[in-house]
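The primary structure of each chain is shown beneath.
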Amino acid sequence: MSGAILILSGPSGAGKSTIIENASEQIGDFYFSISTTTRKPRVGEVDGVDYYFTDKESFERDIKAGEFLEYAKVHDNYYGTSLKPVREALEEGKLVIFDIDVQGHRLAREKLGDIITSAFITPPTLSELEKRLKSRCTDSPDIVAKRLINAKKEIEEINSYDFVIINDDLQKATEEFVTIARAARLKMSESDRSKFVDEWKAK
Ligand code: ADP
Ligand code: 5GP
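Residues numbered from 1 in each chain as written. Chains lettered and ligands numbered in written order. Predicted model: local features only at pLDDT ≥ 70, side-chain atom pairs only at ≥ 80, totals over all residues. Heavy atoms only, no water.

S.K.: Please clarify how the nonpolar core should be interpreted in this entry.
M.R.: One broad trend across soluble globular proteins is that nonpolar side chains are buried collectively. Core analysis: the largest hydrophobic core is formed by 20 residues, its most contacted members being Leu6, Ile27, Leu95, Ile97, Ile165 and Phe177. With 6 residues, helix H7 (residues 170-185) is the largest single contributor of residues to this core. Apart from the residues within four sequence positions on either side, phenylalanine 177 is in contact with Leu6, Leu8, Ile19, Ile20, Ala23, Ile27, Ile97 and Ile165. Counting residues in hydrophobic clusters, the runner-up holds 12 residues, among them Ile7, Leu69, Val86 and Ile100. (Core = buried A, V, L, I, M, F, W, Y, C linked by side-chain atoms within 4.5 Å. Buried < 20%, exposed > 50% of the residue type's maximum accessible area, 1.4 Å probe, protein only. Helix = DSSP H or I, 4+ residues; strand = E, 2+ residues; numbered from the N terminus. Contact = heavy atoms within 4.5 Å.)

Rendered as structure tokens:
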């Protein structure tokens, strides 16, 4: 059996990292796809845990070498998902979780649509998002402003996701995420379905 993919998108500050961390013990064995980015690390972020931090030149080299399953420019920085570890985790039958933006979601769907489940996560309002970005204290006012402008564009993509999680009450949002992750794990690829049908007919 091959694995499955769960994509989580939503504005920066929506609570994606918090929810994945809260839910991690309840969703069993999964592989979190650590993205590569040219963004500078925030206070407390660790290279190889939160992201692989790199520079623009080596990111562009990796693009040319075909290392990325998808990549996008978000808030003036590159972000990308490396193909190799994702492929390995899928071959091991794991659920692979991506925290990527709406552009990455679209690209990943084009390539691996049959094994993808997706959820868009958002705070209940734009002003609540602003409050959270400010209270997180990780970004300067001009970066927060940029993220809010981008958030208004990102939310327009909400219809391309399978599920929407409104992260008002954190515990409720985490429970919804756990339910979606369990369902995502059950998604069967087209090739597994064909194999099953062949075997089903032969017995
Ligand atoms: P993202 O990974 O989507 O950028 P974070 O997980 O870093 O977002 O969350 C942004 C901020 O909002 C953090 O300070 C986090 O503690 C806070 N937060 C997350 N969920 C909630 C919630 N339901 N209510 C209030 N604050 C929240
Ligand atoms: P942040 O800088 O807040 O960590 O992330 C900014 C945005 O980049 C978020 O919307 C996040 O989901 C997105 N992002 C993180 N990693 C990737 C990736 O590998 N690919 C794409 N397309 N987006 C990513």
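So that's the structure; there's more coming.
S.K.: I keep staring at the site of ligand 1 and nothing clicks. Help me out?
M.R.: Looking at ligand 1, there are 13 residues lining it, with Gly13, Lys16, Ser17, Thr18 and Asn167 nearest. Contacts to ligand 1 include serine 17, whose side-chain N or O atom sits 2.5 Å from an oxygen atom. Between ligand 1 and arginine 132 there is a distance of 3.4 Å, counted from a nitrogen atom to a side-chain nitrogen or oxygen. For ligand 1, the accessible surface in isolation is 570 Å², of which the surrounding protein chains cover 75%. Where the shell around ligand 1 is concerned, the elements lending two or more residues are helix H1 (16-23) and helix H5 (126-136). Here the element with the most residues in the shell around ligand 1 is H1; it accounts for 3 residues. For the shell around ligand 1, the residue count by class is 3 nonpolar, 6 polar and 4 charged. (Near = heavy atom within 4 Å. Polar contact = N/O pair within 3.5 Å; in protein donor to acceptor, adjacent residues only side chain to side chain. Areas by Shrake-Rupley, 256 points an atom, 1.4 Å probe, with all protein chains shown as cover. Nonpolar A, V, L, I, M, F, W, Y, C, P; charged D, E, K, R; others polar.)

S.K.: Please clarify how the site of ligand 2 should be interpreted in this entry.
M.R.: Near ligand 2, the surroundings consist of 20 residues, among which Ser35, Arg39, Tyr51, Tyr79 and Asp99 are the closest. Serine 35 has a polar side-chain atom sitting 2.7 Å from an oxygen atom of ligand 2. The separation between an oxygen atom of ligand 2 and a polar side-chain atom of threonine 81 is 3.3 Å. Notes on ligand 2: free accessible area 510 Å², of which the protein chains cover 96%. Contributing elements (two or more residues each) for the shell around ligand 2: strand S5 (68-74), strand S6 (77-82) and helix H6 (141-154). Within the shell around ligand 2, the residues separate by chemical class into 5 nonpolar, 7 polar and 8 charged.

S.K.: Would you explain helix H3 (residues 83-91) in this entry?
M.R.: Among all positions in H3, only Val86, Ala89 and Leu90 are buried. Angular distribution of buried residues about the axis of H3 spans 100°; they occupy a single face of the element. Along H3, exposed side chains directed more than 90 degrees from the buried face belong to Lys84 and Glu91. The inward-facing, buried residues of H3 abut strand S1 (4-9), strand S2 (30-32), S5, S6 and strand S7 (95-99). Glycine 93 sits one or two residues past H3 and shows a positive phi near 80°. (Arc of directions from axis to C-beta.)

S.K.: Just to check I follow, could you spell out the pattern of salt bridges for this structure?
M.R.: Pairs can form between side chains of opposite charge whenever their charged atoms are close. Using the criterion set out here, one finds 14 salt bridges in the structure. Among the salt bridges present, the one from glutamate 128 reaches arginine 132, with a minimum N-O distance of 2.9 Å. Of this pair, glutamate 128 and arginine 132 both sit in helix H5, 4 residues apart, which is roughly one turn of the helix. The shortest N-O distance in the salt bridge between glutamate 176 and lysine 172 comes to 3.1 Å. Of the two residues, glutamate 176 and lysine 172 are both situated in helix H7; the distance of 4 residues between them amounts to about one turn of the helix. Among the residues examined, lysine 172 registers a relative accessible area of 48% and is labelled partly exposed. Connected through salt bridges with shared partners, the residues Arg39, Arg42, Glu45, Arg136 and Asp139 form a single ionic network. (Salt bridge = Lys/Arg side-chain N within 4 Å of Asp/Glu carboxyl O.)

S.K.: When you look at the pairing of S7 in this model, what are you seeing that I'm missing?
M.R.: The side chains of a regular strand alternate between the sheet's two faces. Burial runs high along S7: 5 of the 5 residues are buried. In S7, alternate side chains face the same way, and those of Leu95, Ile97 and Asp99 on one face and Val96 and Phe98 on the other are all buried. With 3 bridges connecting them, S2 and S7 associate as parallel partners. The residue bridging tyrosine 31 from the neighbouring strand is valine 96, located in S7. (Pairing = 2+ DSSP bridges.)

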